[in-house]
Every structure is written in C-alpha cells, then in structure tokens.
Amino acid sequence: RYRGLTLVLTFLCYTSYHLSRKPISIVKSQLHPNCSALGPNPRNNSNSSTWCSWAPFDGDNYKELFGALDNAFLVAYAIGMFISGIFGERLPLRYYLSGGMVVSGLFTALFGLGYFWNIHVLWYFIIMQVCNGLVQTTGWPSVVACVGNWFGKGKRGLIMGIWNSHTSVGNILGSLIAGVWVSSAWGLSFIVPGIIIAAMGIICFFFLVEYPEDVGCSPPLHHDAGGVTSNEKDPEAVTYNEGPLSISGQSSADRSDSPKEPAEEPEAISFLGALRIPGVVEFSLCLLFAKLVSYTFLYWLPLYIVNVGEFLGAVRRERARRGERLFIPPLSLAAHFGAKEAGDLSTLFDVGGILGGIFAGLISDYTGGRATTCCVMLVVAAPTLFLYNHVGQNGIGTSVAMLIICGALVNGPYALITTAVSADLGTHESLKGNAKALSTVTAIIDGTGSIGAALGPLLAGLISPTGWNNVFYMLIAADGLACLLLARVVVKEVRGWCGCIARKRGYVCT
C-alpha cells in the first residue's frame with residue numbers, strides 16, 4: 001500500500017515539474033508570430049511583419065533570445081543539480097521536495113505575470129528562468145531517491161520505465177494546458193502550471209513517505225553478500241516487521257534474535273566517492289548527449305513545426321502562382337499550423353517517449369544489459385532523425401508516425417539512464433548496503449545530462465538561422481557520441497553474456 005502510494009505520488013510530483021517547464025516552448029511562436037498574416041498594422045508602423053510580436057522578441061535575433069531564455073534555465077539547472085544531490089542526502093526529502101515545488105510554482109507564475117504587467121525587458125524573463133532552474137533541481141534526486149528507497153533491483157527497469165512516463169505525461173499536459181491560452185493571454189500558460197506544481201508540493205508535504213522504516217516496514221534488499229539481487233521469487237518485496245500482514249519469509253523467532261538497537265547510520269557518500277562507482281562516468285557522459293537531443297526537441301519542436309509549415313506554405317503558393325502542379329499533399333504541414341496546433345502535434349513526440357521508456361526498461365530487465373539497450377536505441381535513432389527531417393513533413397500521417405518513433409528512440413535511453421541505471425548505480429554492490437549514495441549518484445548523472453540539455457537548445461538557437469537541416473545534423477552527431485561513450489560498458493555486458501553461455505555449454509569463452 002505504501003509502496004504504491006509512493007510510486008503514484010512521486011509520479012504526480014515530477015509530472016508537475018515537467019508540466020511547468022513545457023509552456024515556454026509553446027509560447028515561443030506567439031512571442032514572435034508572423035504578423036503579416038494577421039493583416040495590416042493598426043499602429044501604421046513601417047515594420048508590418050513584427051508589429052504583433054512581444055518585445056524584446058520582435059527583432060531579427062528572436063531565435064538567439066529564445067535560446068538565451070532556454071539556456072538561462074538549463075545552465076542554472078545543470079549547476080544546481082550537482083549541489084542538489086548533496087543537499088538531498090542530508091535534508092528530509094519531504095521538506096526538500098515540497099519546498100522546491102512551491103517555490104518553482106512561484107517563479108513559473110512570475111514569468112507569466114510579465115504578460116499582465118506588460119514587461120518588455122529581457123533581464124526580467126532571464127532572472128525568472130535562472131531562479132526556476134535552480135529550484136527545479138530539488139525534484140529529480142528526491143523522487144528517484146524515494147522510489148529507490150522502496151523498490152529493490154528485480155524488475156526495476158520495467159517499473160521505472162512505466163514510472164518515468166511522468167516526464168512525457170508532464171510535457172503533454174504542459175503543452176495542452178499552455179495551448180489553451182497561448183493565442184489569447186499567454187501569461188496564463190505559465191500561471192496555471194505554476195499553481196498546479198505548487199498545489200502538488202503541498203500534497204507531497206502531507207502524504208509522502210520517504211523510507212519504509214518510517215511506517216514500520218523493512219527496506220528492500222538490493223544485493224546479498226555476493227552482490228547478487230536477493231529474494232529470487234520477489235526481489236521487490238518490502239517486508240513488514242510485525243503483524244499478520246508480514247510478507248517476509250523470516251519467522252518471528254528469527255526476528256526475535258535480531259538486535260533491538262538500531263544500526264549505526266551510514267555516512268553520506270562524497271562526490272568523488274560517487275564518481276568512483278563503476279559505470280557512473282560512462283552513463284553520465286552518455287546522458288549528456290542523449291539529453292542534448294531530447295531537450296532540443298522539448299524546447300524547439302513546436303517552433304520547427306510552425307516554421308516548416310510556413311516554408312512549405314510559401315512554396316505551395318509560389319507553385320500555384322506559376323501554374324505548376326502541386327505535389328505537396330493537401331494534409332501536409334504546408335497547411336501551416338498555428339502555435340496551438342503545433343504544440344498539440346509536438347505532444348506525439350512525448351507519446352513516443354512513454355512507449356520508448358517502457359520498452360527500454362522491459363528489454364533491459366530481460367537481457368540484463370542496460371548499456372546495450374541504450375546503445376541499440378541510439379544507433380537506430382540517428383537515421384530516424386534524418387528521415388523525419390526529410391520526409392516527416394510530407395503528410396500528417398507520416399509526421400505522426402515519425403514523431404512517435406523518434407520520441408521512443410530518443411527518450412528511451414534517456415529515461416532508462418535517469419531512472420533504472422541511476423538507481424542501480426546508487427545501490428551498487430561496491431557500496432556495501434550504504435543507501436546514502438542514491439541521491440548523489442542520481443544528481444551527478446542527471447546534472448551531467450543537464451549540461452547537454454543546456455547546450456542543445458542553445459546550439460539550436462545559434463544554428464537554426466542557417467537552416468533546420470544543420471540542427472538535425474547536430475542532433476545526429478550527438479546521438480553517435482552518446483553511443484560511443486557507452487562502448488566500454490557494452491563490451492563488458494557482451495562478455496558477461498558470452499561467459500554465461502559458455503558456462504552453460506561447458507566450455508570457457510575466450
């Protein structure tokens with residue numbers, strides 16, 4: 001019962017985190033729309049193409065300014081994440097998580113209030129993004145630590161793959177909520193998500209249970225003395241200390257022999273100690289490039305859809321003017337989606353992310369190869385991104401299918417590394433049962449990934465003026481680097497499989 005409550009509550013908490021991050025990508029196309037499509041300028045200014053834009057995003061450098069907004073949040077998030085895990089190991093997780101959610105809601109709402117207060121200075125929006133990026137680092141180490149405290153290693157990949165769909169669910173809900181007001185009063189696209197995350201923070205404060213011991217339960221067993229997951233039948237089992245609800249195989253007589261005095265509290269692991277855990281460095285660097293790709297889509301996909309629609313629409317009109325036969329399907333992106341329609345279509349990428357996270361967790365549980373699963377998905381993702389850029393705009397059906405496939409292949413490895421892999425490494429056998437490493441390891445891995453999350457949107461803002469093709473080439477190169485960085489761990493996993501097969505067949509693999 002408590003395990004299920006923890007899983008659901010942390011799911012809703014982090015859903016609200018991503019829900020509050022998404023509006024900026026939806027509102028971008030409204031901050032700098034194509035004003036010429038709205039008719040003549042009522043103020044009779046000479047610049048008819050930007051009269052309806054929101055200053056300071058009404059200039060030709062609007063993409064660079066959007067990149068600066070994204071980067072302000074993501075750089076602050078990346079820096080804060082390395083510190084956040086250290087605090088998360090030493091402060092009560094319930095206070096730390098709920099406090100961060102309430103403050104994050106405040107800064108999200110303040111960004112939206114810039115619309116109603118008629119603020120047109122860049123520094124205001126930059127400061128709100130920086131502050132929000134810092135306080136949002138309270139979320140990920142806290143929720144992963146809470147789930148890791150309740151669940152053993154057994155089916156962690158599948159459980160956390162399903163649980164990690166909160167990222168995509170939050171992005172989808174954030175897109176839909178922001179889309180309701182983006183064309184009428186875009187400030188509400190931030191204020192409403194801010195209220196939601198603050199409300200969830202209050203609920204978290206009253207109902208979150210951090211540790212099984214807090215409610216009279218025993219913690220799950222991650223490894224036995226030999227480093228193998230304990231409890232073959234149900235590695236996930238959380239045993240109760242007393243009463244008829246006991247699900248442990250341990251008898252009451254065995255429990256009576258247990259010492260009554262509590263064990264000495266282990267010290268929290270140091271930053272360098274966490275880096276020495278095998279696999280932390282490799283997966284951290286891989287996540288840097290995987291998250292670069294994912295967050296570029298998160299922040300720029302709606303604008304890409306709008307821009308491609310405008311370009312194809314212009315091509316179609318020009319061909320019609322010349323009397324040429326049109327080969328662009330009538331249901332293609334040439335129909336020119338507005339901000340709301342582009343935001344709704346972009347949610348399909350996150351739908352694919354849900355499927356990819358579950359699939360990656362299931363396969364990695366079955367094979368035991370977390371790195372190999374990530375590597376295969378990254379290899380397939382590279383040509384899929386190329387195809388989406390070149391044929392994904394040829395029709396609605398093609399665009400829908402390609403967005404779902406790209407989302408699955410891009411977000412699958414990202415989801416697996418930030419959840420099951422982080423929990424595995426945070427409870428690694430080399431730690432000898434010290435549970436005080438989970439938050440720090442999670443923060444190191446996600447903090448390194450957040451550097452990529454900051455670089456991706458920044459590079460997209462700088463490269464996109466030269467053409468969207470170049471942005472996709474950058475994303476494909478990042479996928480390739482992410483795959484290469486896991487090569488050593490993949491070789492180790494393959495050798496492990498080879499040795500296992502050799503032992504079953506009665507000979508040694510060389």
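Residues numbered from 1 in each chain as written. Predicted model: local features only at pLDDT ≥ 70, side-chain atom pairs only at ≥ 80, totals over all residues. Heavy atoms only, no water.

Here is the rule: UniProt positions are given in the numbering used here, feature names are shortened, and annotations may be inferred rather than shown by experiment.
Taking an unreviewed UniProt entry as the reference, the protein chain is identified by name as Glucose-6-phosphate exchanger SLC37A2 belonging to Anhinga anhinga. For the protein chain, the Catalytic activity (unreviewed entry) comment in UniProt is given as "D-glucose 6-phosphate(in) + phosphate(out) = D-glucose 6-phosphate(out) + phosphate(in)". Quoted verbatim from the Subcellular location (unreviewed entry) heading of the UniProt record, the comment on the protein chain is "Endoplasmic reticulum membrane".

## Description of unusual backbone geometry
Put simply, the rule is: Each helix is a run of DSSP H or I of at least 4 residues and each strand a run of E of at least 2, with the numbering of both proceeding from the N terminus.
Backbone torsion omega between alanine 55 and proline 56 reads 10°, so that peptide bond is classified as cis. The topology assignment puts proline 56 in the loop between helix H2 (23-31) and helix H3 (62-90). Even without a glycine there, the phi angle at asparagine 118 is positive, about 60°. Within the element layout of this structure, asparagine 118 appears in the loop between helix H4 (93-116) and helix H5 (122-135).

## Describing the pattern of salt bridges
Side chains that differ in charge, positive against negative, can pair when their charged atoms come close. Threshold: The working definition used for a salt bridge is a side-chain nitrogen of Lys or Arg within 4 Å of a carboxyl oxygen of Asp or Glu. Note on exposure labels: buried denotes an accessible area under 20% of the residue type's maximum, exposed denotes more than 50%, and partly exposed covers the range between, all computed with a 1.4 Å probe on protein chains only.
The tally for this structure, following the rule as stated, stands at four salt bridges. The salt bridge involving lysine 28 is made with aspartate 70; its shortest N-O contact spans 2.6 Å. With lysine 28 in helix H2 and aspartate 70 in helix H3, this pair connects stretches of sequence that are 42 residues apart. Neither residue differs from the other here; lysine 28 and aspartate 70 are each classed as buried.

## Here we look at empty space enclosed by the protein
Spelled out, the test is: Within this scheme a cavity is a closed region of a 1 Å grid, computed over the protein atoms alone, that accommodates a 1.4 Å probe without allowing it to escape, whereas a pocket is open but has protein on both sides within 12 Å along at least five of seven lines; lining residues each have an atom within 4 Å of a point. Grid points are joined across faces, edges and corners, and a volume is the space filled by probe spheres set on the points. Following the grouping adopted for this structure description, the nonpolar residues are Ala, Val, Leu, Ile, Met, Phe, Trp, Tyr, Cys and Pro, the charged ones are Asp, Glu, Lys and Arg, and the polar ones are all others, Gly among them.
Using the criterion set out here, one finds five cavities of 30 Å³ or more in the structure. Of the voids in this model, the largest cavity is the one considered here, and its volume is about 90 Å³. Lining the largest cavity are 13 residues, with Ser20, Arg21, Gln129, Asn132 and Phe190 sitting closest to its centre. Where the lining of the largest cavity is concerned, the elements lending two or more residues are helix H1 (2-21), H2, H4 and H5. Grouping the amino acids of the lining of the largest cavity by side-chain chemistry returns eight nonpolar, four polar and one charged. Computed from the structure, the second largest cavity encloses a volume of approximately 70 Å³. Every residue lining the second largest cavity is listed: Thr296, Phe297, Trp300, Leu301, Tyr304, Trp468, Val471, Phe472 and Leu475. Sorting the residues of the lining of the second largest cavity by element identifies helix H12 (280-322) and helix H17 (468-485) as the ones contributing at least two each. With five residues, H12 is the largest single contributor of residues to the lining of the second largest cavity.

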